[in-house]
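Read off the chains here:
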Amino acid sequence: MDDQPTPPAQRTAGEISEVIRPAAIVPEEAARSVLVELALRDVQNGGVWQAGPSLWSRYDRPWLGADNAAGAELIGRIHVAYGTPTKYEITIYRVTVTLFGSQLGWSVESLCDEALGHGGLRLQDCPRATLAAPPAPFRG
């Protein structure tokens, strides 16, 4: 469950959603910088990001309060997991750009690059998670 209120008129039709495989890992030092900068750029503080423990959302403009998106349009979402693969790293595993965002020229990569840029990273430069081999098939 996300700790973020659901803003009005969130769209699903026409979204571009990409599972990041292997998942992108944001190293500890960069993760700290990204989280600080996203908090400073929160929609309630005059910024365009709303970052929670599992979802970072990018809007086209700031909100007018905690539950008042005031017509702000969602550009996209970055699905993250904190504390994995190690305690202070962040894993990016799925990114979605709304139809509105894609009409403005946003892509999965540009959305990630904006957030990760606060930590001196781009999506393509992030280390990747090690994929484990699939389990052996069950033979009964």
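Residues numbered from 1 in each chain as written. Predicted model: local features only at pLDDT ≥ 70, side-chain atom pairs only at ≥ 80, totals over all residues. Heavy atoms only, no water.

## A few points about the pairing of strand S3 (residues 55-59)
With five of its five residues buried, S3 lies for the most part within the structure. Neither face of S3 is open: one carries Leu-55, Ser-57 and Tyr-59, the other Trp-56 and Arg-58, and all of them are buried. Hairpin connection between strand S2 (residues 49-51) and S3: a loop of three residues separates the two successive antiparallel strands. Note: S3 against strand S4 (residues 74-82), five bridges, orientation antiparallel. (Buried < 20%, exposed > 50% of the residue type's maximum accessible area, 1.4 Å probe, protein only. Helix = DSSP H or I, 4+ residues; strand = E, 2+ residues; numbered from the N terminus. Pairing = 2+ DSSP bridges.)

## Digging into the environment of Thr-96
Examined against the element boundaries, Thr-96 turns out to sit in strand S5 (residues 90-97). Looking at Thr-96, the relative accessible area reads 3%, which means it is buried. The spacing of Thr-96 and Ser-57 is 39 residues in sequence and 9.5 Å in space, taken between C-alpha atoms. Among the polar contacts made by the side chain of Thr-96, one reaches the side chain of Ser-17 at a distance of 2.9 Å. (Polar contact = N/O pair within 3.5 Å; in protein donor to acceptor, adjacent residues only side chain to side chain.)

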